[in-house]
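Architecture and fold: a report
Okay, here's what each chain looks like letter by letter:
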Amino acid sequence: MANLSADFIGIKSPNPFWLASAPPTDKKYNVERAFEAGWGGVVWKTLGSEGPPVVNVNGPRYGAIWGADRRLLGLNNIELITDRPLAVNLQEIKEVKRKWRDRALVISLMVPCDEDSWKDILHRIEDTEADGVELNFGCPHGMAERGMGSAVGQVPEYIEMVTRWVKKHSRMPCIVKLTPNISDIRKPAEAAKRGGADAVSLINTINSITSVNLDSFSPEPMIDGKGTHGGYCGPAVKPIAMNMVAEIARSAETRGLPISGIGGITTWRDAAEFMALGAGNVQVCTAAMTYGFKIVQEMISGLSQYLDEKEIGLSDLVGRAVPNVTDWQYLNLNYVAKAHINQDDCIKCGRCYAACEDTSHQAISMSPERVFEVMDDECVACNLCVNVCPVDNCITMVPMAKGTVDPRTGATVGDYANWTTHPNNPSVQAAE
Amino acid sequence: MTNSPLTPGIVPGRLPAAAYAANFADHTPPLDGHEARVAADRCYFCHDAPCITACPTAIDIPLFIRQIATGTPEAAATTIWTQNILGGMCARVCPTETLCEEACVREAAEGKPVEIGQLQRFATDVAMAKGLHPFERAAATGKRVAVVGAGPAGLACAHRLAMHGHDVVVLERRAKAGGLNEYGIASYKAAGGFAQKEVDWLLSIGGIEIRTGVELGRDVTLDQLKADYDAVFLGIGLAGVNALRAAGEDLPGVRDAVDFIAELRQTADLSTLPVGRDVVVIGGGMTAVDAAVQSKLLGAENVTIVYRRGREKMSASGHEQDHAVQSGVRIIHNAAPAKVIGDGHATAVEFAYTQDGPNGLTLSSETFTLKADQVFKAIGQTLTGAPDGLAVSGGKLAGPSAKVWVGGDCAAGGEDLTVTAVAEGRDAAEAIHAALSGR
């Protein structure tokens, strides 16, 4: 059994699976249940300034989209930061940390954008013995209207400024949580790094409307006939999150900046993918909200098995895929593959045919006996047939060997060559 | 009532009163909304889907399932009825395991097809419960068509003709419309009087007059119909029953299974319907199974189906055979009746074992005897009462001739299934419409 213990910016935890700052980490009761289930750490749900706590709506807070069999694919929420008194949260954090010394406990913070507010909250959390702070510059709903959350995270200068304040007034490790509601995720990450952040965590939730009620004509979740945009999360956002993690991991300006990966992580495999793209650990929320805390047991056993089978340690996994994330212009244009349909596995549904015939390259033939075959002289290897096939691995992409002739183009498969040197590239011609 | 399953002879009331309702309740309970959504989720929406090809009425199955999955079962029902106006009954009685569900790619993938029949029932039940009838009559054409036989073929033909604006008169020899849906199907497959509800629903399109108690050849001739109407459709079914050609088959206690099934369907209080203690059913089709299972459900102690060939030759589907066995019916293969034994009433049947060889069936000298106070003959139906002058092929009406179209079990081609009859009736209506429109 692989050793999963993780050291993320000096914060140790028995495994790299943390619960993200969110409803599941709002109070001692839940957090202790999470620790009992095996979670390596939690980021306590965001605390605000001293004073009257925020209030939440008293109608639905969550909206969702589903896949087949009502499997939850995406969730959005309009819940604000903790609505419990600051003193209660601080007391519980202290109690939990004393009882669970081996687990990571990080406090998420969101206070108004002035130095005194940040100084004050940092002093108040000092004697909780928490392991670090996470600056919530991410939540896109509610608090952003009050100049906090993603309203800060969308302005790199603010991120840098607040991060500096935090590092100035606290010795705690500081993680800056980024909003994805921005055009270039590298800019806020760079700002956090300039401000002295020890790490970034991402993504926070994505602005979204999950559905519209076609009877009341209101967005869901609907509060008395009205709805507002909420923060989207869950399996559906994972591809967006992974790209953002990878962008930061491979950018020259931010390379080496520790990343806590967040966004739709549901299984050990999702976690491993984030880590391969550079995340030193991962944070989970929607999967726990969907299935309960017990899922961490599958994550632990699955990641252990994977590392054992690969004969690598956890730290070997982190960033392992980063060198292979590149720009389109560097992709090998001389790499040629063809789809191949395994007739033994084919159940003859014809989805590949419909997809290819109607929407792609007319490269699949259909016989009267419903035998579907790829026509190599038409196939551009787009992969759509693979994606729509209901049978795993029935259709595969088979690379052509170097030196063979692509029947579609008549060209011989050659050595690596990319767009930067391609004759059709205007900038290449301009240079000549 | 003091009778029990052990009471000798053919007697009513073998079971406690409450048992009848339970035994003859809906054999396959309908899916509820949640179950239907889960079942519909499994459809892959195949290209040129094999299930459509396998359906004799060619219902666009992937489309109607997608309509269920997206919360519009009413639209799904319209898709079904557009091809098969008796889609509700077919959802209940079709041998789906040899038709659409056998062709389902998920049968190939996992051995578990999408539950197409059950989903079809869900959609049509929902729409019928809402009183939807999504078809209207075209402008009246002034043409009149006679349909003989108010079974599935005749009803499907009549509805499609009415839709096209023709006036239809349906002549039915029995007291009720519905044909085998009303008289020939096991009660638990069409519980709750569904056959008549569906007939009423079908007729709500208007333009169809049903005249019951009118028999072709007895009350009216084909020539009269041809003279009085612009076209005639014959969907007269197979009214004759094959004989055993075994000694003793005229003894009291020996009966045609189709009559028993029809009587059972028309009996309001099943505790009054007599059934034997030891019932033997001779035959290998759906009729044999329906008679045997219902005998068991009426409280017969021992029910045995005896079929002269092997299991694989039985025309009852594997699903039906399993249902019979699970209901407590014993099935004996490869045995043919030699004689019915009895003094004034059947008491037993002697069978000879058979061999099914390249030169046909041969009887062995090896015999056995089954106790039988009631014997049902279910060895197939034949065409009787067909008007003279019509071409006959393989014992069935061969095809259309001047002003006369045919369809359903009485017509050559296709299996003798409700769904096939619907397809033939519908297609004949289209052909009649084309002819009457001068196209």
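Residues numbered from 1 in each chain as written. Chains lettered and ligands numbered in written order. Predicted model: local features only at pLDDT ≥ 70, side-chain atom pairs only at ≥ 80, totals over all residues. Heavy atoms only, no water.

What to know about the sheet that holds strand S11 (residues 346-357) of chain B
Residues and elements named next belong to chain B. Inclusion rule: One requirement defines pairing of two strands: DSSP has to find at least two bridges between them. Each helix is a run of H or I in the DSSP string that is no shorter than four residues. Each strand is a run of E no shorter than two, and both are numbered from the N terminus. Think of each axis as a best-fit line through the C-alpha atoms, taken over the contacting stretch in the case of a helix, with angles from 0 to 180 degrees between the N-to-C directions.
Strand order in the open sheet made by the 3 strands is S10-S11-S12, with antiparallel pairing throughout. Sheet topology places strand S10 (335-342) and strand S12 (360-371) at the edges, where each strand pairs with a single neighbour. Going from strand to strand, the sheet's axes swing by 25° on average, the running direction of each strand aside. Here S11 pairs with S12 via 9 bridges, running antiparallel. Counted as the bridge partner of Gln 355 is Thr 362 from S12.

Some details on empty space enclosed by the protein
All names here are of chain A. Formally: Of the grid points, spaced at 1 Å and generated over the protein atoms alone, those admitting a 1.4 Å probe that cannot get out make up cavities, while open sets with protein on both sides within 12 Å along at least five of seven lines make up pockets; any residue with an atom within 4 Å of a point is treated as lining. Grid points are joined across faces, edges and corners, and a volume is the space filled by probe spheres set on the points. When residues are grouped by polarity, Ala, Val, Leu, Ile, Met, Phe, Trp, Tyr, Cys and Pro land in nonpolar, Asp, Glu, Lys and Arg in charged, and all others, Gly among them, in polar.
Scanning the entire structure with this criterion turns up 6 cavities of 30 Å³ or more. Taken together, 33 residues line the largest cavity, and the ones lying closest to its centre are Ser 21, Ala 22, Lys 177, Thr 205 and Cys 285. Every element with two or more residues in the lining of the largest cavity is listed here: strand S4 (41-47), strand S6 (72-77), strand S14 (230-233), strand S16 (279-284) and helix H9 (286-291). Within the lining of the largest cavity, the residues separate by chemical class into 18 nonpolar, 12 polar and 3 charged.

Regarding the pairing of S16(A)
Residues and elements named next belong to chain A. Threshold: Throughout, exposure labels follow a simple rule: accessible area from a 1.4 Å probe, protein chains only, divided by the maximum for the residue type, with under 20% read as buried, over 50% as exposed, and the rest as partly exposed. When the strands point away from the viewer and the connection leading from the first strand across the helix to the second strand turns clockwise, the crossover is called right-handed.
Judged by how many residues are buried, S16 sits mostly within the fold: 5 of 6 residues are covered. Pairing between strand S3 (residues 17-19) and S16: 3 bridges, direction parallel. Of the residues in S16, the one forming a bridge with Leu 19 is Val 284. In terms of strand pairing, strand S15 (residues 259-262) meets S16 through 4 bridges, oriented parallel. Bridging across to S16, Gly 261 finds its partner in Val 282. With respect to chirality, the unit in which S15 leads through helix H8 (residues 268-276) into the neighbouring parallel S16 is right-handed.

Some points on the layout of surface pockets
Taken as a whole, the second largest pocket encloses approximately 510 Å³ of empty space. Across the lining of the second largest pocket, the residue classes tally to 7 nonpolar, 8 polar and 9 charged.

Let's talk about the packing of aromatic side chains
Residues and elements named next belong to chain B. Put simply, the test is: Only centres within 6.5 Å qualify two rings of Phe, Tyr or Trp (six-membered ring in Trp) as a pair; their planes then separate them into stacked at under 30 degrees, edge-to-face at over 60, and tilted for everything else. Here, over-ring charges are defined by two tests on the NZ atom of lysine or the CZ atom of arginine: distance to the ring centre within 6 Å, and angle to the ring normal within 35 degrees.
Overall, the coordinates contain 10 aromatic pairs over all chains when judged by the stated rule. Relative to Phe 376, the ring of Phe 260 lies with its centre 4.3 Å away and its plane at 25°, an arrangement referred to as stacked. Of this pair, Phe 260 sits in helix H14 (residues 257-266) while Phe 376 is found in strand S13 (residues 374-378), placing the two residues 116 residues apart along the sequence. Both residues of the pair, Phe 260 and Phe 376, belong to the buried class. Taking the centre distance of 5.3 Å and the plane angle of 20° together, the rings of Phe 351 and Phe 368 count as stacked. Note that Phe 351 is positioned in strand S11 and Phe 368 in strand S12, a separation of 17 residues in sequence. Taken together, Phe 351, Tyr 353 and Phe 368 form an aromatic cluster joined through their ring pairs. The aromatic ring of Phe 194 is capped on one face by Arg 92, whose charged end is 3.5 Å from the ring centroid.

Comments concerning the confidence of the model for chain B
Rules: Scored between 0 and 100, pLDDT is the confidence that the predictor attaches to each residue.
Taken residue by residue, chain B gives an average pLDDT of 96. The fraction at 70 or more is 100%. Among the scores for the predicted complex, ipTM is 0.81 and pTM is 0.89.

Some details on the interface of chain B and chain A
To be explicit about the condition: Residues count as neighbours in contact if any of their non-hydrogen atoms are within 4.5 Å of one another. Here the quantity called buried area is the total loss of accessible area, with a 1.4 Å probe, experienced by two parts when brought into contact, counted for both. A side-chain nitrogen of Lys or Arg and a carboxyl oxygen of Asp or Glu constitute a salt bridge if their distance falls within 4 Å. Polar contact is the term for a pair of N or O atoms within 3.5 Å; when the atoms are in protein, one must be able to donate a hydrogen and the other to accept it, and sequence-neighboring residues count only if both atoms are side-chain atoms.
On the side of chain A, 13 residues touch chain B, which itself brings 12 residues to the contact. Broken down residue by residue, the surface that chain B buries against chain A is led by B:Asp41, B:Tyr44 and B:His47, which jointly contribute 58%. Viewed at the interface, chain A and chain B are joined by 0 salt bridges. Taken together, chain B and chain A are joined by 5 residue pairs in polar contact (both at pLDDT 80 or more). Of all the elements in the fold, those that place two or more residues in the side of chain B that touches chain A are helix H2 (33-41) and helix H8 (105-110) of chain B. With 3 residues, H8(B) is the single largest residue contributor to the side of chain B that touches chain A. Looking at side-chain class alone, the side of chain B that touches chain A contains 9 nonpolar, 1 polar and 2 charged residues.

Considerations on the pattern of salt bridges
Residues and elements named next belong to chain B. Applying the stated rule across the entire model yields 49 salt bridges over all chains. In this structure, Lys 377 engages Glu 249 in a salt bridge whose closest nitrogen and oxygen atoms are separated by 3.0 Å. Of this pair, Lys 377 sits in strand S13 while Glu 249 sits in the loop between strand S5 (240-241) and strand S6 (254-256); the two residues are 128 residues apart in sequence, bridging distant segments of the chain. Neither Lys 377 nor Glu 249 differs from the other in exposure class; each is buried. One continuous salt-bridge network, built from bridges that share partners, spans Asp 26, Arg 92, Arg 121 and Asp 125.

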